[in-house]
Structures are given as C-alpha cells and as structure tokens.
Amino acid sequence: MIRYKILPTLLLALLMTGGLAADAAKPIAITHVRIFDGSKVIPDGTVVVEGRTIRAVGAKVAVPAGAEVIDGSGDTLLPGLIDGHTHTWGDALTRAAIFGVTTELDMFTSPDFARAQRDEQTKTGAPGRADLLSAGYLATAPGGHGTEYGMAVPTLTKPEEAQAWVDARIAEGSDYIKIISENGKLYGHEIPTLDKATIAAIVQAAHKRGKLAVVHISTEDATKEALEAGADGLVHIFTDRAPEPGFVALAVKHKAFVTPTLTVVEGTTGVASGQTLTDDPRLSPYLTTDEVQNLRQHFPKHGEQRFQNALDAVRQLKAAGVPILAGTDAPNPGTAHGPSIHRELELLVQAGLSPAEALAAATSVPAKTFALKDRGSIAPGLRADLVLVKGDPTASITASRDILRVWKIGQEIPRPKAPKNAEATAAPAQVPSTGEISNFEDGTLKASFGSGWQDSTDKLAGGVSVVQKEVVAGGASGTAKSLAISGEVKAGFAFPWSGMIFLPGAAPMAPANLSNFQGVSFWTKGDGRSYELMFFATRLGRMPAIKNFTAGPDWAQVTVPFGDLNLDGTDIMGIFLGGGPALGTFRFQVDEVRLVPKGGS
Ligand SMILES: [Zn+2]
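Presented here is an overview of the structure given in this document. Residue positions are given per chain, counted from 1 along the sequence in the order it is written. Per-residue local features of the predicted model are confined to residues with pLDDT of at least 70, and side-chain atom pairs are confined, for both listing and counting, to 80 or more; whole-chain, interface and lining totals are unaffected and use all residues. By convention in this description, side-chain values take in all heavy atoms of the structure and omit both hydrogens and water.

1. A closer look at the overall build of the protein
Here is step 1 of the chain: Strands are runs of DSSP state E lasting at least 2 residues, helices are runs of H or I lasting at least 4, and numbering of each runs from the N terminus. Counting secondary structure elements, the protein contains 13 helices and 26 strands.
Here is step 2 of the chain: Radius of gyration: C-alpha atoms only; globule rule: 2.2 Å multiplied by the number of residues to the exponent 0.38. Relative to a compact globule of 601 residues, whose C-alpha radius of gyration would be 25 Å, the protein shows 26 Å and is just as compact.
Here is step 3 of the chain: With respect to the three principal axes, the spread of C-alpha positions in the protein is 90 × 55 × 40 Å.
Here is step 4 of the chain: Burial classes: relative accessible area under 20% of the type maximum marks a residue as buried, over 50% as exposed, and values in between as partly exposed (1.4 Å probe, protein chains only). The buried share among the 601 residues of the protein stands at 59%.
Here is step 5 of the chain: Positive charge is attributed to Lys and Arg, negative charge to Asp and Glu, and no charge count is given to His or to the chain ends. By convention, the point assigned to a charge is CZ for Arg, NZ for Lys, CD for Glu and CG for Asp. Each charge sign in the protein was given a centre, from 56 positive and 63 negative side chains, and these centres are 3 Å apart.

2. Observations concerning the coordination of the zinc ion
Each donor-metal-donor angle in an ideal tetrahedron of four donors is 109.5 degrees, and each such angle in an ideal octahedron of six donors is either 90 or 180 degrees.
Here is step 1 of the chain: Protein coordination of the zinc ion is provided by His85 (NE2), His87 (NE2) and Asp329 (OD), with donor distances spanning 2.0 to 2.1 Å.
Here is step 2 of the chain: All donors of the zinc ion belong to a single chain; written as a sequence motif, their spacing is H-x1-H-x241-D. Taken together, the positions of histidine 85 in strand β6 (residues 81–86) and aspartate 329 in the loop between α10 (304–319) and α11 (339–350) put the pair 244 residues apart, joining distant regions of the chain. Aspartate 329 matches histidine 85 in its accessibility class, with the two residues each being buried. Each metal site lists N, O and S donors within 2.8 Å (3.2 Å for Na, K and Ca). With water left out of the atoms, a site can look as if it is missing ligands.

3. Examining the sheet that holds strand β11 (residues 233–234)
Here is step 1 of the chain: The four strands are arranged β9-β10-β11-β12 in an open sheet whose pairing can be described as parallel. What marks the edges here is a single partner per strand, and that holds for β9 (177–180) and β12 (257–258).
Here is step 2 of the chain: Of the strand pairs in this sheet, strand β10 (residues 213–216) and β11 are connected by two bridges, and their pairing is parallel. Bridged to valine 215 within β11 is leucine 234. We treat two strands as partners when DSSP finds at least two bridges between them.

4. Here's the deal with the pairing of strand β2 (residues 41–50)
Here is step 1 of the chain: With six bridges joining them, strand β1 (residues 28–36) and β2 adopt antiparallel strand pairing. Counted as the bridge partner of isoleucine 35 is isoleucine 42 from β2.
Here is step 2 of the chain: The antiparallel pairing of β1 with β2 creates a hairpin that spans four residues between the two strands, and glycine 38 there sits at a positive phi of about 120°.
Here is step 3 of the chain: Pairing of β2 with strand β3 (residues 53–58) involves five bridges; the strand directions are antiparallel. Note on β3: the bridge partner recorded for threonine 46 is glycine 58.

5. Considerations on helix α4 (residues 196–208)
Here is step 1 of the chain: Helices are assigned an expected span. That span is 1.5 Å times one less than the residue count. In a regular helix each residue adds 1.5 Å, so 13 residues correspond to 18 Å; α4 covers 18 Å between its end C-alpha atoms and thus fits that length.
Here is step 2 of the chain: The criterion used for residue contact is that any of the two residues' heavy atoms lie within 4.5 Å. In this structure, the buried residues of α4 make contact with α3 (162–172), β9 and β10.
Here is step 3 of the chain: Positive phi shows up at glycine 210, right after α4, with a value of about 75°.

6. Thoughts on the nonpolar core
Here is step 1 of the chain: Here, nonpolar core means buried Ala, Val, Leu, Ile, Met, Phe, Trp, Tyr and Cys residues that are tied together by side-chain atoms lying within 4.5 Å of each other. Core analysis: the biggest nonpolar cluster contains 71 residues, and Ile179, Ile202, Ile237, Leu262, Leu317 and Leu348 have the highest contact counts within it.
Here is step 2 of the chain: For isoleucine 179, the contacting residues outside a window of four places in its chain are Ala139, Leu194, Ile199, Ile202, Val203, Ala213, Val214, Val215 and His216.
Here is step 3 of the chain: One finds Met500, Leu514, Ile572 and Leu577 within the second-largest nonpolar core, a separate group that totals 38 residues.

7. Quick look at the packing of aromatic side chains
The geometry of two aromatic rings is summed up by the distance between their centres and the angle between their planes.
Here is step 1 of the chain: Think of it this way: a Phe, Tyr or Trp ring, Trp meaning its six-membered ring, pairs with another when their centres are within 6.5 Å, and the plane angle makes it stacked under 30 degrees, edge-to-face over 60, tilted otherwise. Under the counting rule described, the total for this entry stands at 13 aromatic pairs.
Here is step 2 of the chain: Relative to phenylalanine 549, the ring of phenylalanine 522 lies with its centre 5.0 Å away and its plane at 75°, an arrangement referred to as edge-to-face. One end of the pair, phenylalanine 522, is in strand β21 (residues 517–526); the other, phenylalanine 549, is in strand β23 (residues 545–550), and 27 residues separate them in sequence.
Here is step 3 of the chain: Given a relative accessible area of 0%, phenylalanine 522 falls into the buried group.
Here is step 4 of the chain: Accessibility expressed as a relative area gives 6% for phenylalanine 549, which makes it buried.
Here is step 5 of the chain: Pairing phenylalanine 535 with phenylalanine 562 gives two aromatic rings, centres 5.3 Å apart and planes at 55°, and the pair type is tilted. Here phenylalanine 535 is found in strand β22 (residues 530–537), whereas its partner phenylalanine 562 is found in the loop between β24 (556–561) and β25 (572–579), with 27 residues between them in sequence. With respect to burial, phenylalanine 535 and phenylalanine 562 carry one shared label: buried.
Here is step 6 of the chain: Only when the NZ atom of a Lys or the CZ atom of an Arg is both within 6 Å of the ring centre and within 35 degrees of the ring normal do we say a charge sits over the ring. Across the ring face of tryptophan 165, the terminal group of arginine 169 is positioned such that the distance to the ring centre comes to 4.6 Å.
Here is step 7 of the chain: Here arginine 415 stacks its cationic end above the ring of tyrosine 286, 4.2 Å away from the centre of that ring.

8. What to know about unusual backbone geometry
Here is step 1 of the chain: In the segment running from alanine 330 into proline 331, the intervening peptide bond is cis, with an omega of 10°.
Here is step 2 of the chain: Here proline 331 shows up in the loop between α10 and α11.
Here is step 3 of the chain: At phenylalanine 108, a residue that is not glycine, the phi angle is positive and equals roughly 155°.
Here is step 4 of the chain: Position of phenylalanine 108 relative to the elements: it lies in the loop between β7 (101–106) and α2 (111–124).
Here is step 5 of the chain: Take phenylalanine 108: its relative accessible area is 4%, and that puts it in the buried class.

9. Focus: the environment of lysine 224
Here is step 1 of the chain: Tracing the backbone through its elements, the reader meets lysine 224 in helix α5 (residues 220–228).
Here is step 2 of the chain: Put simply, lysine 224 and leucine 404 are 180 residues apart on the chain and 43 Å apart in space, counted from C-alpha to C-alpha.
Here is step 3 of the chain: Leaving out residues up to four positions away in the same chain, lysine 224 has contacts with Arg241, Glu244 and Leu250.

10. With respect to the sheet that holds β7
Here is step 1 of the chain: As summarised here, the arrangement of the three strands in space is β6-β7-β8, forming an open sheet in which the pairing is parallel. Of all strands in the sheet, those with a lone pairing partner are β6 and β8 (131–134), marking the two edges. On average, each strand axis in the sheet is tilted by 20° relative to the strand beside it, whichever way the strands run.
Here is step 2 of the chain: As defined by bridge partners, β6 adjoins β7 across four bridges and the pair is classed as parallel. Considered in β7, the bridge of threonine 86 is made with aspartate 106. Every angle, taken between N-to-C directions, lies between 0 and 180 degrees, and every axis is a line fitted to C-alpha atoms, over only the stretch in contact when it is a helix.

11. Some details on the packing of α10 against α11
Here is step 1 of the chain: Close contact between α10 and α11 brings their axes to 9 Å; oriented N to C, the two are set at 75°. One way to sum up the angle between α10 and α11 is to call them roughly perpendicular. Where α10 abuts α11, its residues Phe307, Leu311, Val314 and Arg315 lie against Leu347, Leu348 and Gln350.
Here is step 2 of the chain: Broken down by class, the residue content of the contact of α10 with α11 amounts to five nonpolar, one polar and one charged. Roughly parallel covers angles under 35 degrees, roughly antiparallel covers those over 145, roughly perpendicular covers 65 to 115, and oblique covers all other angles. Lys, Arg, Asp and Glu make up the charged group, whereas Ala, Val, Leu, Ile, Met, Phe, Trp, Tyr, Cys and Pro make up the nonpolar group; the residues left over, Gly among them, are polar.

12. Some words on the side chain of lysine 408
Here is step 1 of the chain: Here lysine 408 shows up in strand β14 (residues 403–408).
Here is step 2 of the chain: Judged by relative accessible area, which is 0%, lysine 408 ranks as buried.
Here is step 3 of the chain: If we skip the residues at most four places from it in the chain, lysine 408 touches Thr102, Gly125, Ala126, Pro127, Arg129, Ala130, Asp131, Arg383, Ala384, Asp385 and Ile413.

Rendered as structure tokens:
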C-alpha cells in the first residue's frame, strides 16, 4: 500500500524481548474444550501440552498425572494465529502475541531487524512474542514503491540483475522474496515500477534457490502479469475493477495463493478499518493509545466500489479453491499488529469464507503455503502455539477476539491491559516556562529541550532534494543571530520536501507532551516563497498537519496554535520548517522559535 508523507521514524530501535527456555514446566491439559485444529472441529476434546510441544489431541485423551488442568468448557482452542502480511519492527511482535498472533510473515522490513529476531528464535524460541519470518528488503525499481520509507532499499531495473539481487537477499536471511508491481496510477501519482520481464526473472531466481516469490499488486492488469510471471502468491488483492472472466482461472492455472489484506484495502476506501476494533470491549482494554489512534486512521478516500471489487475477487477465488491467507498489512493506517487479524477474519467471512475457513486462512493455510511444518494446526508433535477463546469463533467469527489465554511454545503470553491514555498522560516535556526552543544567539542549533534539530528532506523517501543550514548574523527584533535554511526542492519523489525538523521528545520522534503551551511561534524572513510548518503527532499516524507561511523581505512573526490543526499538543513528535512541494531553490531565515505559553502570544 502507498503512504504519503513519511516520517523518519521507520527504523526504530530493536526491541529485544528476553525470556527463558520453556521445557521445565509441568504438562498442561485443556479439557472439555472445543478444538479447531486448523481445518476441522472436535466439539469436546482434550489437548495435552508438554514443554514446547503438543503431545495429544482428541475426544478421548487421558490427562497425564501431575498436569495442570484447564477446564475449557464453553471455550474454543485455536492454533496460534499467523498474520500473512505485516511490516514488523519495534515491539510489534510482542504486541501481536497479546492478541493471539504467534507468527508474523513480514513483507518488508530491515534485514538487520529480521536477523536479530531470527537469532533469538533459534537460541531461545523467543517466548513472549510472535515469531518472525521476513522478506527483508523488497524488489522494486529505483524510486518505486517501498523506497519512500527511509530505508536504503537496493533496487533493480532489468532481468539480468535478478539472480544477484535475490542471492543478496538470501545472504541477508530473507525467508522468501517480495516483489513490487505498482505504478501508482490507482492512487493518483505515477511512480516507477518493475517490468514484467524483470518480475519473471526475480521469480525464477527465487525458485532456483527454493524460495517463494510473492508480489504486491493493486490493479487487475498487474495481477495478471504477476501470475503469468510465475508468482507463487499475491500479497494484496486488486481493487481497480470487478474481476474479469478468466482472472480466477489464471490464478488456478498457476496454483497461486492470495493474501488479500482486506483490512488495508478497506482503509483505501476511506473507511477506518480498525475503528470497530477500538470500540469492541473484548479488545479495547488491551489497546494502547497509539494503537487506537492508528486503528482509527484511513488512507485518502478512493471510492467504496473498490472495496466491493476486492470482496468480489476474494469470493470468486474462494469458490475456485484458491488458497486464501489472512494478512493485515499492519501497521498501515487503520491497522495494528495483533488486533487487526481479527478484523481481517471478519472481512474474510464478509467475502464469503465460512468462519472455519477464515480461521484456516490464519492458521493451517499459511503454514502449508510457507512450508511451516511445525505450526498452524493443533496436532501431536507440533509447537504448542495456542489461543484459548471464549465462545465459538467457528460459528461467530468475532468470538476470536474474546481471548482468554495465549501460549507460544508452551509458555503463556502475558496479556497486560494497556494503561489508558498512556501517551497523553506522559509527563509534560521539560520546557522552560518562556517556551523557548532556540534563539541561535550562541551560533549553534542548540535547543533548550528535546532532541534538537535535524535536516529533513525527501531523501528519506527516495527523493533528491537538498538542504543546508547555517547560523548567520542578524536576527529578529535586533538580536545578533538567526538560522538560515536553504536548499533546493527537486523532482524525484511525489511530494518533495526540504527543511529542518525540531524533535521535542526525549528521543528522536518520541512524542512529547507540549500541552502546557498553546502552539508554536517563530520569526521568519526570506525570499518571498511559501513555506510549510508541519506538525508530526502520534494521533496523525504518518501524515503531518500542515500550515503554510510566507517568508518575505522583513522579519515577521508566525504563530500557529495546535488547535488550528486539530491538535492538543499532547503527542507532538516533530516540528518541521521548510519548503515543498513546489520545486526550486529557496532560502529563508528563522529565529526566536518557541512554544507559546497559554494565555500568552
Ligand atoms: Zn505491505
């Protein structure tokens, strides 16, 4: 999926979850429980877990001596859920596990992050969080989708480069190969994309090394190309039109699987796909403020018909027996790691899958598709990745949200309730009472609080804009110095920008509570061009709130109250001053940058 203005947040610090190996505990027997084993239902059975492993499953299974007995009457035991399309970093895997997701199939993240998780999984089994399998970097054209997130993605342009590119990914640890076929037209801005011959060469190169190759698509034409190129699976469903006759036959002929990601597709129709999750008392106590905010976001509205097209396509694929996998594309707008799998299950049922088929799409089907032989079902010898829910999700799918307990490799996952308004109640930032940020009088970019100033350009998104900064003589109100920001906004990214960003949080892009102040003010003068002040805030997801100002020949004060942009100052991650999207060279000065005290000006 395509996002617009992107923050420099994407490479957050690794979060390593510790934990001890889990072989010592006494056996667990879950009795009188409805068992959905990944494909069928045992209405009243027992499951025995020893250490990391499921030992016995069935209607007539003896409880071993000394076992901890859990009475599952009225409850259903599911295999740990597998989210078939995520972008994973930070604490995503820990968060996902709280909601019953014990494996994530990442479709693009930092290979370093993925390697660290894999190492831990090998060493300890990583109890306490979901497992990660990852594509690592994705295959895309220079300037194509995937290059806009701030990671230096190695790109390619022609078939001859495919094998070396694939081999480099495998050397980095990629579990499978993800390919982008996306010209951006559906989203209103054209971007470079791989041609069919290159896609076919990448697929072949992956197959030569025994790896699956999956393709991001958004249109039916791209879908057909990907299938004809031999792709093993599609990791979205197209939405540009109702499926044409022949599409399903093509998928069947090529034995492809489809991970439609209806959750994020719904988000592109202007609906906040996660809104109902945040209102569901079975989930809401566990959601952080950050997750609630992202679940209530959506992409710019592209039309409801597109979502109907997606549902139609899934309905036809299902009828033809094409394997369907549940995937969320978390953490895109409208999603979160963990809760969104439950929305995806609900939407798959809306698209015509039975509740049991939807549950299979999040358990046995992805396990089979990705050759994960140790999981995805409840059967003797498999990993004890299990979710115990109240009620019967094989009859009413949203019962999957009513989670009682989650285990990964036989160890229970703690499910702490989230403190309410965690971000909003963060201690106020240590701002001087005058609100001063920077006055540049000492000749440096020193700030009186926060993490300081940084260059910010669309290089993060694959653009080529440049910025220079210099503290120069001559400030506002007769002061000695000010900050001159200059550079060039250049074509190269759909929404080019160039400027400086102030980071008010204790760590770069951590939200700061600035709500003791009413907004931001600064003085400016310059070349007469229009500039942008952008606030980045947790609640906005990754799209900033923007206020334009003009830097004219004489010093003038600009004041922007948080409230003018529907913010309250509790979660400000960054304050950007600069040029774009209009192209060209620019130069302006800023001075006396500060927060405006309440009741002040
Ligand atoms: Zn994705």
